[in-house]
There are 2 protein chains.
Amino acid sequence: MHDRVRSARLAERMMSADEAATLVQPGMTVAMSGFTGAGYPKAVPQSLAKLMARENDAGNTFRIKVLTGASTAPELDGVLAEAKGMELRLPFQSDPALRNQINAGELDYIDIHLGHVAQHTWFGFFGHIDLAIVEVAGILEDGRLIPSSSVGNNKTWLEQADKVILEVNNWQPDGLEGMHDVYYGTALPPNRKPIMLEQPDDRIGDLYLHVDPAKVVAVVETDAPDRNSPFSPPDETSQRIAGHILEFFEHEIKRGRMPEKLLPLQSGVGNVANAVLAGLATGGYEGLTAYTEVIQDGMLDLIKSGVLRMASATSFSLSAAGLEEFNANVDFYRERILLRPQEISNHPEVIRRLGCIAMNGMIEADIYGNVNSTHIAGTKMMNGIGGSGDFARNSYLSIFMSPSTAKGGAISGIVPMASHVDHTEHDTMVLVTEQGLADMRGLSPKQRARLVIEKCAHPDYQPLLADYFDRACRDSHGKHTPHLLGEALSWHERFVDSGSMLP
Amino acid sequence: MHDRVRSARLAERMMSADEAATLVQPGMTVAMSGFTGAGYPKAVPQSLAKLMARENDAGNTFRIKVLTGASTAPELDGVLAEAKGMELRLPFQSDPALRNQINAGELDYIDIHLGHVAQHTWFGFFGHIDLAIVEVAGILEDGRLIPSSSVGNNKTWLEQADKVILEVNNWQPDGLEGMHDVYYGTALPPNRKPIMLEQPDDRIGDLYLHVDPAKVVAVVETDAPDRNSPFSPPDETSQRIAGHILEFFEHEIKRGRMPEKLLPLQSGVGNVANAVLAGLATGGYEGLTAYTEVIQDGMLDLIKSGVLRMASATSFSLSAAGLEEFNANVDFYRERILLRPQEISNHPEVIRRLGCIAMNGMIEADIYGNVNSTHIAGTKMMNGIGGSGDFARNSYLSIFMSPSTAKGGAISGIVPMASHVDHTEHDTMVLVTEQGLADMRGLSPKQRARLVIEKCAHPDYQPLLADYFDRACRDSHGKHTPHLLGEALSWHERFVDSGSMLP
């Protein structure tokens with residue numbers, strides 16, 4: 001008897017990854033688990049990539065459409081990209097090989113709000129799902145599934161796919177069991193009901209995922225770690241950004257615009273986000289909550305110290321040290337962490353009701369507060385919008401943050417006109433760089449521009465932005481949102497041509 | 001005893017509009033009723049404008065900040081603009097004099113989602129509200145207020161303002177009483193509860209508005225009509241746009257992606273919207289619902305014929321003929337129309353749950369499906385985003401529609417790059433012009449571009465767009481969203497310089 005595969009019926013379907021991979025046919029739409037490098041299938045995609053490479057080398061095109069929760073890892077996106085095995089990929093991705101192919105125009109990539117993926121699938125907007133490949137932490141006697149280190153879109157994949165391949169990963173901690181809350185109350189309009197979640201720690205679903213056992217065509221055992229998410233201590237720039245945000249929180253509390261326990265925090269991943277979390281630890285806060293997508297190292301620290309009472313998310317993204325801490329104290333964390341499907345972690349209804357504080361990174365903002373989260377110089381895809389739009393639109397407060405320059409000063413984070421817009425002026429409230437914080441709430445476009453240039457721009461770019469804005473105010477066709485159309489994107493053009501936005 | 005002012009206590013506050021206007025002080029933030037030319041105060045703003053003009057002429061600056069529900073009429077926005085009496089205005093507006101001042105840079109205008117205005121006010125993002133001037137249809141003995149022909153933000157204005165001036169408009173039909181549903185269950189986070197509205201006709205609130213009588217400093221009687229919204233029969237272009245949409249609905253029903261009774265309809269105002277409504281009347285539909293902002297003539301027709309079972313909105317916008325029809329049959333319509341506060345008519349929670357079909361006009365879309373709803377040539381404000389963002393983001397289906405050209409062919413509705421983005425590629429699903437319909441769901445940027453150019457562009461511009469896209473695919477820095485940065489906004493530049501986008 002296998003420890004983790006306790007259903008006799010499903011145990012009969014056990015086979016090797018190489019065998020399971022032969023069930024994938026060219027042209028299929030294949031939905032896979034995985035969210036920010038956690039809980040993705042680790043064996044079948046690698047076997048599949050070998051098959052694909054062999055066929056593609058032989059001139060027999062073998063490509064599939066791949067849907068996931070969000071980004072995965074080299075063992076999934078990386079190997080499938082190398083094998084030139086994807087004709088379509090959605091939603092968020094962060095694999096270098098895949099990104100290169102997207103930007104070379106070699107495959108179709110659909111960048112979509114993470115909170116929309118599940119319902120667009122139910123609606124049939126992505127067509128039929130032929131196969132799901134989903135990692136789980138175990139299978140119960142009755143066939144229910146213990147979710148893995150991410151929930152993502154797995155409920156949807158298991159329900160919508162014709163056939164299912166399960167990867168049971170022995171490496172995932174036993175202690176994950178009991179940490180999930182899988183909401184099964186969704187419906188299609190016109191039959192939808194309110195989602196009765198009023199606090200981040202409300203449980204509204206099941207501990208387990210369900211699957212029709214008749215659909216399960218393969219069960220593959222694995223024993224492989226999630227992608228390691230290295231954690232580096234915050235650098236000075238990140239610390240300064242965090243400092244501005246923490247000062248702003250204190251100011252808002254003093255003004256009576258924010259409760260002393262703040263409001264549920266949503267935080268993107270990365271250095272700046274970790275610095276903000278680290279800053280919260282020293283701010284005298286306690287009993288806070290998070291309603292977010294990803295539990296990263298910084299969140300564990302806050303939970304341990306009591307600064308954070310609990311966190312709701314859809315995935316983990318831990319470093320080796322973070323994982324060690326988690327495994328050693330899993331009973332403690334299980335009482336304080338909930339993993340939900342991403343259509344609930346990112347649901348507009350819930351985010352608006354809870355009144356989250358959304359903190360997300362960006363590539364650039366323009367002087368009017370339009371934010372580009374996805375495209376370098378308007379044309380090159382970085383990773384995707386992720387959940388930033390789900391949270392920015394519906395949160396109590398939407399904060400976007402970035403260093404004021406990138407590439408050693410060659411790129412300004414504040415530009416005359418965003419080269420691609422993912423978050424419009426209507427959805428952005430606060431911009432922060434290490435230079436300062438611009439609170440744009442209740443300001444008109446020109447008031448915003450003056451403040452953003454003053455507070456957020458790097459000194460190397462500040463006079464250039466001020467000069468652009470002055471001339472635009474004088475010469476623009478319309479003077480509600482002044483622009484010089486022939487010059488608005490010239491900074492990006494210069495960067496593409498010369499490698500720097502500086503003249 | 002006054003018929004419409006039945007509260008003895010409030011009757012004591014009755015005075016002339018000229019007297020009431022003297023209660024307004026320079027620098028005040030004044031919140032006024034009014035939504036798409038319905039239910040706005042008709043006397044006090046005109047008296048106030050006279051005061052302002054006198055003071056401003058004498059060199060004593062008299063300007064105020066004006067918040068409304070949406071657009072009003074010449075008797076409010078028009079006269080205050082003429083008097084140069086506004087330093088700030090939000091949200092949506094459509095008055096020519098006001099628009100000219102905005103685009104001359106003479107006052108600050110904040111363009112914001114209509115569904116965000118109330119909560120941003122509660123959050124304190126617009127500062128303190130000194131005074132509310134609200135039109136009502138009557139005052140009950142106990143001081144409760146019969147709402148007028150729009151609800152808009154009136155609940156918020158009455159609650160948040162220090163002082164209140166009521167205009168009781170005898171012109172408004174008696175029959176309005178009983179048609180409103182004013183939700184009083186809102187709260188600030190972290191104390192928010194689900195909004196238990198599951199169908200467009202669910203009642204969740206009160207018939208009347210409440211006001212603290214101690215705050216009422218003036219009651220002014222008026223007898224003046226709402227702004228007349230002229231209704232012209234759909235022209236051929238509008239009919240062709242409507243035809244494409246109706247064909248698409250049939251196709252979606254056949255594919256099983258839409259119920260036979262469709263889903264709750266949201267419709268912008270104007271010719272194209274009226275043509276779509278008229279088209280529905282001939283499509284064999286019955287028992288449909290609308291969950292929208294404005295009841296226009298076309299909606300009354302559909303309700304009368306039973307095509308529409310009922311409509312939920314926040315305001316009326318009727319022609320003289322429409323009003324006559326409404327007044328003659330008010331008992332019939334009262335059973336089939338609900339007017340709600342705009343924070344409920346435009347609430348993301350409710351719109352997502354109901355799964356609305358959102359149909360809104362646009363100024364332009366780019367080949368990748370980014371939509372500009374607000375700015376001519378990127379700089380000149382037209383009216384504002386209105387509720388289009390509230391609906392486009394959260395509806396089951398988001399449709400944007402426009403003639404393929406404007407100004408006799410000098411402007412293309414489809415451009416290489418949108419000169420301002422109000423709805424990102426992540427939020428737009430279907431584009432329609434009289435040329436055809438582009439269903440962009442499940443498509444990557446380049447797939448979208450090919451389809452939009454093929455289906456929606458005018459023949460005069462189609463080869464130019466195809467040429468731009470081909471060259472961008474060849475020469476763009478990144479090839480996920482190909483663009484030629486030096487040329488992307490050249491069509492708008494050419495229009496500003498020469499009066500035409502054509503070379």
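The preceding data block contains the structure.
Described in the following lines is the structure provided in the data block. Note that this is a predicted model, so its numbers are computed, not measured.

1. Things to note about unusual backbone geometry
Omega for the bond connecting proline 189 of chain A with proline 190 of chain A falls within 30 degrees of zero, at 15°, which places this linkage in the cis form. Tracing the backbone through its elements, the reader meets proline 190 of chain A in the loop between strand S7 (163-169) and strand S8 (216-222). Here the phi dihedral of threonine 36 of chain B falls at roughly 45°; this positive angle occurs in a residue that is not glycine. Looking at where threonine 36 of chain B falls in the secondary structure, it is placed in the loop between strand S1 (29-32) and helix H3 (44-57). Backbone geometry places lysine 84 of chain B, a non-glycine residue, at a positive phi of 50°.

2. A look at the packing of aromatic side chains
Under the counting rule described, the total for this entry stands at 16 aromatic pairs over all chains. Three or more aromatic residues link up through ring pairs in this structure, and these residues are Phe316, Phe326, Phe332 and Tyr333 of chain A. Of note, arginine 441 of chain A hangs over the ring of phenylalanine 125 of chain B, and the distance from its end group to the ring centre comes to 4.4 Å.

3. Points about the nonpolar core
Ranked by internal contacts, the top residues of the largest apolar core, which has 66 residues, are Ile367 and Leu431 of chain A together with Ile367 and Leu431 of chain B. Elements with a contribution of two residues or more to this core: strand S23 (414-415), helix H16 (445-456), helix H17 (462-475) and helix H18 (490-498) of chain A together with strand S23 (414-415), helix H16 (445-456), helix H17 (462-475) and helix H18 (490-498) of chain B. Non-local contacts of isoleucine 367 of chain B, meaning those with residues more than four positions away in its chain, are made with Ile414, Val415, Pro416, Arg448, Ala449, Val452, Ile453, Leu465, Tyr468 and Phe469 of chain B. Counting residues in each nonpolar core, the second largest holds 55 residues, with Phe123 of chain A together with Met179, Tyr208 and Leu277 of chain B among its members.

4. Structural notes on the interface of chain B and chain A
Each side of the interface is counted separately: chain B has 85 residues, and chain A has 85 residues. Area buried by chain B at its contact with chain A is led by Arg352, Arg393 and His426 of chain B, which between them contribute 12% of it. In this structure, lysine 193 of chain A engages glutamate 198 of chain B in a salt bridge whose closest nitrogen and oxygen atoms are separated by 2.8 Å. Taken together, chain B and chain A are joined by 42 residue pairs in polar contact (both at pLDDT 80 or more). Secondary structure elements with two or more residues in the side of chain B that touches chain A: helix H5 (96-103), strand S4 (108-109), helix H6 (117-122), helix H14 (348-354), strand S19 (380-381), helix H15 (388-394), H16 and H18 of chain B. With 5 residues, H14 of chain B is the single largest residue contributor to the side of chain B that touches chain A. Looking at the side of chain B that touches chain A, its residues break down into 32 nonpolar, 33 polar and 20 charged.

5. What to know about the pairing of strand S25 (residues 436-439) of chain A
Alignment of strand S24 (residues 430-433) of chain A against S25 of chain A, held across 4 bridges, turns out to be antiparallel. Directly across from threonine 433 of chain A, in S25 of chain A, lies its bridge partner glycine 436 of chain A.

Rules used throughout
Residues numbered from 1 in each chain as written. Chains lettered and ligands numbered in written order. Predicted model: local features only at pLDDT ≥ 70, side-chain atom pairs only at ≥ 80, totals over all residues. Heavy atoms only, no water. Helix = DSSP H or I, 4+ residues; strand = E, 2+ residues; numbered from the N terminus. Phe/Tyr/Trp six-rings, centres within 6.5 Å; stacked < 30°, edge-to-face > 60°. Lys NZ or Arg CZ within 6 Å of the ring centre and 35° of its normal. Core = buried A, V, L, I, M, F, W, Y, C linked by side-chain atoms within 4.5 Å. Buried < 20%, exposed > 50% of the residue type's maximum accessible area, 1.4 Å probe, protein only. Contact = heavy atoms within 4.5 Å. Buried area = accessible area lost by both parts, 1.4 Å probe. Salt bridge = Lys/Arg side-chain N within 4 Å of Asp/Glu carboxyl O. Polar contact = N/O pair within 3.5 Å; in protein donor to acceptor, adjacent residues only side chain to side chain. Nonpolar A, V, L, I, M, F, W, Y, C, P; charged D, E, K, R; others polar. Pairing = 2+ DSSP bridges.

Coordinates in, geometry out; function isn't part of it.
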